[in-house]
Amino acid sequence: VLYNFDARRFYRKWAKDFLDSQTEEGEISVIVPTPGWGISGKTHWNAVCGPTPTIDVCWAEIVYRLYWCYEDMDALTENYDGLKKYAAYLKKWTNGDICKKGLGDWLAPKNEYMPALAFTDSTVTYDMLKKAATLFTALGLTLEADYASGFAGELRSAIREHLLNSEAMHFA
């Protein structure tokens, strides 16, 4: 849509909705915009609380694409604090390991394919962190870019360590 239509205002608004939904701890809702559904302590269904990287990636992707398509530095500046806070929030959930949290609502019932959830959530988080590092670099924020890159590197190593079957040469 960004490439073929001038959707800049729409995506700027959506990025602002992510900021508005973010808690002090860095958590964002699984549905944005929201009146609070999917935030820890406000929803009784705990499965939707906490990080859901396959959904949360939208925020970093929106800001990244605004920068990529329009060189929109204002979008970077406006979302910097929130993305940084979200990266720190994710760090608490991964603790140097793979990301094991997310809805997995696209998976088969009975959690038969939970390794797929760990793989997709971890790789999506990795991609999000690499894009955050690019955005922080564009803002001249070397320390933050190094933090995001370092976190992405830790996650990449954990993905390879825990999910790569090196004998069969595929991910579990």
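What this report covers is the structure whose coordinates are included nearby. The structure displayed is predicted, hence computed values, not measured ones.

### Thoughts on the packing of helix H3 (residues 73-94) against helix H5 (residues 142-163)
At a minimum axis separation of 11 Å, H3 and H5 run at an interaxial angle of 30 degrees. Relative to H5, the element H3 is oriented roughly parallel. Remark: the crossing between H3 and H5 carries left-handed chirality. For the pair H3 and H5, the contacting residues are Tyr-80, Lys-84, Ala-87, Ala-88, Leu-90, Lys-91 and Thr-94 in the first and Glu-144, Tyr-147, Phe-151 and Glu-154 in the second. Residue classes in the contact of H3 with H5 are distributed as six nonpolar, one polar and four charged.

### Regarding the packing of helix H1 (residues 8-21) against helix H2 (residues 53-70)
Running from N to C, H1 and H2 cross one another at 145 degrees; their axes reach a closest spacing of 10 Å. Considering only the axes of H1 and H2, their crossing is left-handed. Along its contact with H1, which presents Arg-8, Tyr-11, Arg-12, Trp-14, Ala-15, Phe-18 and Leu-19, the element H2 presents Cys-58, Trp-59, Ile-62, Val-63, Leu-66 and Tyr-70. The class makeup of the residues in the contact of H1 with H2 is eleven nonpolar, no polar and two charged.

### A closer look at unusual backbone geometry
Pro-33 follows Val-32 through a cis peptide bond whose omega is 5 degrees. Position of Pro-33 among the secondary structure elements: in the loop between H1 and H2. Phi at Glu-71 takes a positive value of approximately 50 degrees, unusual for a residue other than glycine. Secondary-structure assignment places Glu-71 in the loop between H2 and H3.

### Brief notes about H1
Under the 1.5 Å per step criterion, the end-to-end length of H1 is 20 Å for 14 residues, consistent within 8% with the ideal 20 Å. Among the residues making up H1, those that are buried are Tyr-11, Ala-15, Asp-17, Phe-18 and Ser-21. All buried residues of H1 project into a common sector of 150 degrees when viewed along the axis, lining one side. Exposed and oriented more than 90 degrees from the buried face of H1 are Arg-9 and Asp-20. Where H1 is buried, its residues meet H2 and H3.

### A look at the nonpolar core
Trp-59, Val-63, Leu-83, Tyr-86 and Phe-136 are the most contacted members of the largest nonpolar core, which has 38 residues in total. Elements represented by at least two residues in this core include exactly H1, H2, H3, helix H4 (114-138) and H5.

About the criteria used
- Residues numbered from 1 in each chain as written.
- Predicted model: local features only at pLDDT ≥ 70, side-chain atom pairs only at ≥ 80, totals over all residues.
- Heavy atoms only, no water.
- Axes fitted to C-alpha atoms, helices over the stretch in contact; angles between N-to-C directions.
- Helix = DSSP H or I, 4+ residues; strand = E, 2+ residues; numbered from the N terminus.
- Parallel < 35°, antiparallel > 145°, perpendicular 65-115°, else oblique.
- Left-handed = near helix turned anticlockwise from the far one by under 90°.
- Contact = heavy atoms within 4.5 Å.
- Nonpolar A, V, L, I, M, F, W, Y, C, P; charged D, E, K, R; others polar.
- Expected span 1.5 Å × (residues − 1).
- Buried < 20%, exposed > 50% of the residue type's maximum accessible area, 1.4 Å probe, protein only.
- Arc of directions from axis to C-beta.
- Core = buried A, V, L, I, M, F, W, Y, C linked by side-chain atoms within 4.5 Å.

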